[in-house]
Amino acid sequence: MRKTVPFQLIFLAFALSTFLSSCSKQLGIAGCEPNPAQTLLDVMNQARAQEGAPPLWANESLTKAAQPHAQAVGERKAEGHIGLDGSDPLQRIEGVGYRPRAFGENVAVGSLNPEVVVSAWLASPAHRAILLDPSFQEVGLGGVLNPDRPVWVANFGSETEPPKTRCHSWPNQSRPSERPQTSPENLF
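Remember, it's a predicted structure, so these values are computed and weren't measured experimentally. (Residues numbered from 1 in each chain as written. Predicted model: local features only at pLDDT ≥ 70, side-chain atom pairs only at ≥ 80, totals over all residues. Heavy atoms only, no water.)

Trainee: Even after reading the chapter, I still don't get the packing of helix 5 (residues 114-123) against helix 6 (residues 125-132), so can you show me in this structure?
Mentor: Geometrically, a packed helix pair is captured by the angle between its two axes and the distance between the axes. Running from amino to carboxyl end, helix 5 crosses helix 6 at an angle of 110°, the nearest separation of the two axes being 5 Å. The angle between helix 5 and helix 6 falls in the class roughly perpendicular. For the pair helix 5 and helix 6, contact is made by V118, W121, L122 and A123 and by P125, H127, R128, L131 and L132, respectively. Of the residues that constitute the contact of helix 5 with helix 6, the class distribution is seven nonpolar, one polar and one charged. (Axes fitted to C-alpha atoms, helices over the stretch in contact; angles between N-to-C directions. Helix = DSSP H or I, 4+ residues; strand = E, 2+ residues; numbered from the N terminus. Parallel < 35°, antiparallel > 145°, perpendicular 65-115°, else oblique. Contact = heavy atoms within 4.5 Å. Nonpolar A, V, L, I, M, F, W, Y, C, P; charged D, E, K, R; others polar.)

Trainee: When you look at the environment of S158 in this model, what are you seeing that I'm missing?
Mentor: Mapped onto the elements of the fold, S158 is located in strand 4 (residues 151-158). Take S158: its relative accessible area is 1%, and that puts it in the buried class. In this structure the C-alpha to C-alpha distance between S158 and L56, which are 102 residues apart in sequence, comes to 9.8 Å. Not counting the four nearest positions on each side in its chain, S158 is found in contact with Y98, R99, P100, R101, A102, S135, F136, Q137 and E138. (Buried < 20%, exposed > 50% of the residue type's maximum accessible area, 1.4 Å probe, protein only.)

Trainee: Whenever I open this one, the confidence of the model for the protein confuses me. Can you help?
Mentor: Interpretation of this model should avoid reading the predicted coordinates in detail wherever pLDDT is low. Across the protein, the average pLDDT comes to 76, with 70% of residues at or above 70. Helix 1 (residues 7-27) is the least confidently modelled element of the protein, averaging 32 in pLDDT, while helix 6 averages 97, the highest of any element. Contacts of residues 173-188 to residues separated by more than four positions or lying in other chains number 41 contacts, the stretch itself having pLDDT below 50. (pLDDT = per-residue confidence, 0-100.)

Trainee: I tried to follow the nonpolar core on my own but got confused; where do I start?
Mentor: One broad trend across soluble globular proteins is that nonpolar side chains are buried collectively. M44, V139, L141 and F156 are the most contacted members of the largest nonpolar core, which has 21 residues in total. Listed by contribution, the elements that provide at least two residues to this core are helix 2 (36-50), strand 2 (102-109), helix 5, helix 6, strand 3 (138-145) and strand 4. The greatest single-element share of this core, amounting to six residues, is contributed by helix 2. Beyond its immediate sequence surroundings of up to four residues, V139 is in contact with L41, M44, L56, W57, A58, N59, L62, A154, N155, F156 and H168. Core analysis: the next-biggest nonpolar cluster, separate from the first, contains seven residues, A66, V73, V107 and V144 among them. (Core = buried A, V, L, I, M, F, W, Y, C linked by side-chain atoms within 4.5 Å.)

This is the structure we're talking about:
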C-alpha cells in the first residue's frame, strides 16, 4: 500500500525551506550577523574542525582585551604581543576581568582576508598550536582597518563558566566603503 503526502504538508515544507534559506543568507550559516569578526571566527572554527578541535565561542571580555591591542599595533604604538603599556596578553586579559584556566594570543598584520590570516597562523608552529589548542573554548577578536597596516588580534581562553554564544559582535556596523581610508578604523 502506498501512502500519499497531503499537498498542504508539501507546501509547508517548501515554505519552511525557502524561509530558512533566506534567513541563512542574511544571518550566515550559524545564524549570526555577518561581520569581519564573525567571518574570521567561522574560518577559525573550520580549521579547528578539520583538525578535530572543538569550535570556539565568542567572548566579549576577550574582545575587550583584543581590540585596544589591535588598535595600538595598527597605530605602530605596540608590536607583537607587548602592549602599549608594556603589558603581556595575560595582563590584558585579566585586566578586563577574564580569569582564564588557559589563554593564548595570535596577532596578524598585513591582510584583512580571514582565510589568509588563518592560513598564516596555521603555517607558524607557535600560532598553529594556539589556534588548534582543544583546551581553548572561547575567543575574542579585535581588528583595525588601515590599507597599509591591517591588524587582527585573537585572544583565546577557557574560563570556569561555560561560554554563551557562537556569534561574534561587531559594534561598528557601517560598511567598509563608507569608512575613511586615511586613518585606522575599528573593524569590530
